[in-house]
Amino acid sequence: MDNSAQQVNQADQFSAAAPHWRLIQGVMKKNSRVNLIYIVGLIPVVFVAGLLLFLTLENFLSGQATYGDKFGNAYEVEGVAAVIVNLGILGLVCWLVLYMVYLFKRSPGLLRLHCGVGAISSLCIAAGLFYGLS
């Protein structure tokens, strides 16, 4: 095949790929809009996590822990149990942050770490409440 035939063949391949390239560019633009929506939607989540972090650190300094459930019950413990519960609540804040990082990175390792931190945090809260309320 001579040089001019190769150039024509390459030009045909490029023109055939051009619509796909435009489609990929459209997906990339749409994807950036979706990321913007994620970021705007995460603003209230970050605010609530910051508030929870502030209240937990305040409880940590006062030597008590207050934990409420979805049924409106509030549990208060003091001493060693309070430290365990507060560490569990701080772990839940880390659990939330890891999930937000997972949403952007989509790494299986981050998802496993997120699940592990959530399980350990929940066990700390349950153990602290069990120890403090018994």
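This text goes with the structure placed above it.
Residues numbered from 1 in each chain as written. Predicted model: local features only at pLDDT ≥ 70, side-chain atom pairs only at ≥ 80, totals over all residues. Heavy atoms only, no water.

Observations concerning the side chain of Asn-86
Mapped onto the elements, Asn-86 comes out in helix H2 (residues 80-105). Among the polar contacts made by the side chain of Asn-86, one reaches the main-chain carbonyl oxygen of Gln-64 at a distance of 3.1 Å. In contact with Asn-86, not counting residues within four places along its chain, are Thr-56, Asn-59, Phe-60, Gln-64 and Ala-65. (Helix = DSSP H or I, 4+ residues; strand = E, 2+ residues; numbered from the N terminus. Polar contact = N/O pair within 3.5 Å; in protein donor to acceptor, adjacent residues only side chain to side chain. Contact = heavy atoms within 4.5 Å.)

Some details on the nonpolar core
Ala-65, Val-77, Ala-81, Ala-82, Val-85, Ile-89, Ile-125 and Leu-129 form the largest nonpolar core, which has eight residues in total. Here the element with the most residues in this core is H2; it accounts for four residues. Setting aside residues up to four positions removed in sequence, Leu-129 forms contacts with Tyr-67, Tyr-75, Val-77 and Val-85. (Core = buried A, V, L, I, M, F, W, Y, C linked by side-chain atoms within 4.5 Å. Buried < 20%, exposed > 50% of the residue type's maximum accessible area, 1.4 Å probe, protein only.)

A closer look at the side chain of Asn-59
Its location among the elements puts Asn-59 in helix H1 (residues 3-62). Overall, Asn-59 belongs to the buried group, its relative accessible area being 16%.

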